Amino acid sequence: MAGLPPNPVPVAYQGGTPAVPVWLNKGDNAWQMISATLVGLQSVPGLVILYGSIVKKKWAVNSAFMALYAFAARGLPWANQAILPETTQFYDDGKVETAMVTPFYPMASMVWFQCVFAAITVIILAGSVLGRMNIKAWMAFAPLWLTFSYTVGAFSLWGGGFLFHWGVMDYSGGYVIHLSSGIAGLTAAFWVGPRSKKDRERFPPNNVLLMLAGAGLLWMGWAGFNGGDPYTANVDSTMAILNTNICAATSLLVWTWLDVIFFKKPSVIGTVQGMITGLVCITPGAGPVQGWAAVVMGILSGSVPWFTMMIVHKRWTQLQHIDDTLGVFHTHAIAGLLGGVLTGLFAEPQLCAMFLPVTNSRGGVYGGSGGIQILKQLAGGGFIIGWNLVVTSIICVAINVVIPLRMLEEQLTIGDDAVHGEEAYALWGDGEKYDSTMHGMYSDDTSHIKPSTGATQVV
């Protein structure tokens, strides 16, 4: 008796079927999903940990929760709007300049990738209003801002909008994510108002080591942040990852050296800020610039935002009136705009041709149309700044009519326990349960012989 025929391979593994269509590139699809997940890990748990540990103890729970909530809040408004960048570029006479771009993987992979980008943008913005924004107002603000502010910038620069077709370069979100979150954060901080006087005077991080863990997740996750933006696993994605690490390392070192030179000691918080400014600065140019340009961008990203934060901010009265808790304006808006302009200066023609729709694009140092490119970068940045200033203000004013933007004074005094009924640390001392009758009134303000200096003073 003849044996039974072998079972056929399940459809999910057969090529040329609905599960594995002929156009699907499994490598590209796998890299895109991995890149998206790396970006997601930057937010959860990356920024959740960083925010929860870099703030004063009484705001640890609230700060971490604001980040976690924002990550979830981006789901519905963005998942229903995210589309592939399928856009044909035409010459002025109507002829096709660059054909439509269609990555070789399902729409779901791109939707997930764009979702995590939207999420991290509003989480970065939250850094400007930590320690005093009404959590109920934040719950309304996050989805509204993503819908009416972030979406416009993203579609203008990435989704075939007018800035995309005009040739403004924003490889991975220097403008869409960092410039917009920095400007919107400063604007929201203006409308919400400052932290309590005591918190502004003394705001020590409650766990520096845990803060470094969050920062590490942020840095490593940037491989997906910039490496996933060619929408394919190619030479350009490799260049983007290498440039990202070169610029971040250079910027971190420069910021740390400046702290040592001017404040006589290296600040751990300052080191993290230098790392972030390097990552932000290279983001708009990670793909189109060469390695030497990444070094130059790292030197500038470690020094220019340092100067605006440590020198300009302390001398500009108008900036001091706005309480930007984590200095997001300097680390993201300044660094993002700087990176965008430097991209217009250093973008290499052959690398530009790999992904830009406008042919013959190049940076200023390469002559030709490079000078025009710098002007395009400035104009694109100006649009993002203006849009976020106006729309963020409208959203804040509208929410304040229904829900107060600022916490009650009692909540500002007590912190997490008043806002959430929870506290970050249940244990006291060496494993003891905290007992006010034994330990007395506790304040996490630590006495120091000398006042704090450098980045710690700003935070």
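Described below are features of the structure shown in this document. (Residues numbered from 1 in each chain as written. Predicted model: local features only at pLDDT ≥ 70, side-chain atom pairs only at ≥ 80, totals over all residues. Heavy atoms only, no water.)

### Considerations on the nonpolar core
Rules: Only buried residues count toward a nonpolar core, which is a set of Ala, Val, Leu, Ile, Met, Phe, Trp, Tyr and Cys residues joined through side-chain atoms within 4.5 Å. The buried label goes to any residue with under 20% of its type's maximum accessible area, the exposed label to any with over 50%, and the partly exposed label to all in between, with areas taken from a 1.4 Å probe on protein chains only. Helix and strand definitions follow DSSP, with helices as H or I runs of at least four residues and strands as E runs of at least two, each counted in order from the N terminus.
Tyr51, Phe117, Trp138, Phe141, Trp145, Tyr150 and Ile177 are the most contacted members of the largest nonpolar core, which totals 88 residues. Among the elements that take part in this core, helix H4 (residues 107-126) stands out by supplying 12 residues, more than any other. Grouped together as the second largest cluster of nonpolar side chains are 13 residues, Tyr171, Ala240, Ala294 and Met297 included.

### Structural notes on the packing of helix H1 (residues 26-54) against H4
So the rule is basically this: Every axis corresponds to a line fitted to the C-alpha atoms, with the helix fit spanning only the stretch in contact, and the corresponding angles, defined between N-to-C directions, vary from 0 to 180 degrees. Each angle receives one of four descriptions, namely roughly parallel if under 35 degrees, roughly antiparallel if over 145, roughly perpendicular if within 65 to 115, and oblique otherwise. Crossing handedness is read from the near helix: turned anticlockwise from the far helix by less than a right angle, it gives a left-handed crossing, and turned clockwise, a right-handed one. Contact criterion: two residues are considered in contact whenever any of their non-hydrogen atoms come within 4.5 Å of each other.
Interhelical geometry of H1 versus H4 gives an angle of 20 degrees and a closest axis separation of 9 Å. Here H4 runs roughly parallel to H1, going by the angle between their axes. As for how H1 packs across H4, the hand of that crossing is left-handed. Between H1 and H4, the contacting residues are Asn29, Gln32, Met33, Ser35, Ala36, Thr37, Val39, Gly40, Gln42, Ser43, Leu47 and Tyr51 on the first element and Ser109, Trp112, Phe113, Val116, Phe117, Ile120, Ile123, Ile124 and Ala126 on the second.

### Some details on the packing of aromatic side chains
Going by this rule: Aromatic rings from Phe, Tyr and Trp, taking only the six-membered ring of Trp, are treated as a pair when their centres fall within 6.5 Å; an angle between ring planes under 30 degrees marks them as stacked, one over 60 as edge-to-face, and anything in between as tilted. Whether a charge lies above a ring is judged from NZ of Lys or CZ of Arg, which has to be within 6 Å of the ring centre and within 35 degrees of the ring normal.
A complete count under the given rule lists 14 aromatic pairs for this structure. Between Phe117 and Trp158, the ring centres sit 5.9 Å apart and the planes meet at 75 degrees, which makes this aromatic pair edge-to-face. Linking Phe117 in helix H4 with Trp158 in the loop between helix H5 (135-157) and helix H6 (162-166), this pair joins segments that are 41 residues apart in sequence. Like Phe117, the residue Trp158 is buried in the burial classification. Taken together, the aromatic side chains of Phe113, Phe117, Trp158, Trp222, Phe225 and Tyr231 make up a single cluster linked through ring pairs. In this structure, Arg195 is placed above the aromatic ring of Phe203, and the distance from its NZ or CZ to the ring centre is 4.5 Å.

### Some points on empty space enclosed by the protein
The condition that has to hold: Here a cavity is any set of points on a 1 Å grid over the protein atoms alone where a 1.4 Å probe fits but cannot get out, and a pocket is any open set with protein on both sides within 12 Å along at least 5 of 7 lines; a residue lines the site when it has an atom within 4 Å of a point. Grid points are joined across faces, edges and corners, and a volume is the space filled by probe spheres set on the points. For this classification, Asp, Glu, Lys and Arg are treated as charged, while Ala, Val, Leu, Ile, Met, Phe, Trp, Tyr, Cys and Pro are nonpolar and the rest, including Gly, are polar.
Inspection of the entire model under this criterion finds 4 cavities of 30 Å³ or more. In this structure, the largest cavity is lined by 19 residues; those nearest its centre are Leu50, Tyr51, Ile276, Leu326 and His332. Of all the secondary structure elements, the ones that give two or more residues to the lining of the largest cavity are H1, H4, helix H9 (208-227), helix H11 (268-282) and helix H14 (328-346). Residue composition of the lining of the largest cavity, grouped by class: 14 nonpolar, 5 polar and no charged.

Distances and angles like these do not, on their own, reveal function.
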